[in-house]
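# Structure at a glance
Each chain, letter by letter, is given below.
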Amino acid sequence: MSYKVLAMNFGSTSTKVAIYEDDKEVMIQTFRHTNEEMANIHNMEENAAFRKGVIMSYLNEQDVDLQQLDAIVGRGGLMRPIQGGTYIVNEEMLKDLHSCQYGYHVCNLGGILADEIGGELGKPAYVVDPPVVYEVADVAKLSGHPDFPRRPLFHALNQKAIAKRFAEETGRPYESLNLIVAHMGGGTSVGAHRQGLVVDVNNGLEGEGAFTGERCGGLTALDVVKATLSGQWGKTYPEIRQELCMRSGLVGHTGTNDGREISRRIAEGDTKAELAYRTMAYQVSKEICALAAPLKGKVDAILLTGGFAYDKVLMGWIEEYVGYLAPVHIYPGEDEMLALAQGAMRVLSGKETAKVY
């Protein structure tokens, strides 16, 4: 039996919408939103109304028969920690997504709008592998201070999708493999996948791990305390978060998070830009190598993905550092839209049972 699914994925200034029939992409569109468009949006409800209008207008313009859809699926949001999988959107989930008690992030719109659109059409609504997937081993849950347990937030959807894609390509079950997957974009997350579970991974949303295109990565704790108390980065939490998670990393060192721009500068002899770029590669490589420990050195493959994976020079630097551990495979970009649709279809076809939040 064939299934048709509407998939949605939201970024801070982008809306992606696609329709898949089985694994075939029927249509896909990415909308970029200007600062002016976003200026009047102050909360999750206003954001949801704006994005829904964009999506429904587009579908109407394309003469899509919405009743032919079998399900609506969105990228999951910030909720309490859960196991990986496909979840049916329920009232408990919506309460947490609307209240933002686990964090305010645009990905909360995935469940909210899947439910709204699905409810109007009488179709089921799902989220798949949200960033709060929490499968880590007990020894990976503590930090060095009891007040701050580790809280992995990572690119679970794309990491799981790429790992399963590699497994399919090599003819082995995902649940039989030990993989290290590094997703490199505005944030970077590096996960140890042990036989189908992500047993250790950094908090890529809030800057833990390597420095990235925008995030600070690991800093000396007391230096951060001194800078915060001095007001160096502002007086409020949003101001400090902006400095550490949006104006650090490559942006802090070079003024841009665009790998293409940095590569151009390097070609023109900009040694400062080259050092920053090489340092990012070095720090990501250290994260990858560290995750050989949770896998006890038994690593079947290292998978590099995300926007920065398009840069062959950067990937080459990383492979030089980590290639001794295991074969390196590169998957530029992300498979998130197809991964969302496939997650819903596995439930529709009976291959998996939808999990309940």
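## Describing the side chain of Gln 159
Here Gln 159 shows up in helix H5 (residues 156-169). Only 3.5 Å separates the side chain of Gln 159 from the backbone oxygen of Val 181, close enough to count as a polar contact. Setting aside residues up to four positions removed in sequence, Gln 159 forms contacts with Phe 154, Val 181, His 183, Ser 189, Val 190, Gly 191, His 193 and Val 201.

## Description of the packing of helix H2 (residues 44-61) against helix H4 (residues 109-121)
H4 packs onto H2 with a crossing angle of 55° between their chain directions and a minimal axis gap of 10 Å. Considering the angle they form, H2 stands oblique to H4. Here the hand of the crossing between H2 and H4 comes out right-handed. Only Leu 109, Ile 112, Leu 113, Glu 116, Ile 117 and Glu 120 of H4 make contact with H2, whose side of the interface consists of Met 44, Asn 47, Ala 48, Arg 51, Lys 52, Ile 55 and Met 56. In the contact of H2 with H4, the residues fall into eight nonpolar, one polar and four charged.

## So, the sheet that holds strand S2 (residues 14-21)
In space, the seven strands of this open sheet follow the order S3-S2-S1-S4-S6-S5-S12, with mixed pairing throughout. Every interior strand has two partners, whereas the edge strands, strand S3 (24-32) and strand S12 (355-356), have only one. Relative to strand S6 (residues 125-128), strand S4 (residues 71-75) runs parallel, the two sharing four bridges. Looking at S6, one finds that Gly 74 is bridged to Val 127. Taken strand by strand, H2 contacts strand S1 (4-11), S2 and S3, and its axis lies near 40° from that of S2.

Rules used throughout
Residues numbered from 1 in each chain as written. Predicted model: local features only at pLDDT ≥ 70, side-chain atom pairs only at ≥ 80, totals over all residues. Heavy atoms only, no water. Helix = DSSP H or I, 4+ residues; strand = E, 2+ residues; numbered from the N terminus. Polar contact = N/O pair within 3.5 Å; in protein donor to acceptor, adjacent residues only side chain to side chain. Contact = heavy atoms within 4.5 Å. Axes fitted to C-alpha atoms, helices over the stretch in contact; angles between N-to-C directions. Parallel < 35°, antiparallel > 145°, perpendicular 65-115°, else oblique. Left-handed = near helix turned anticlockwise from the far one by under 90°. Nonpolar A, V, L, I, M, F, W, Y, C, P; charged D, E, K, R; others polar. Pairing = 2+ DSSP bridges.

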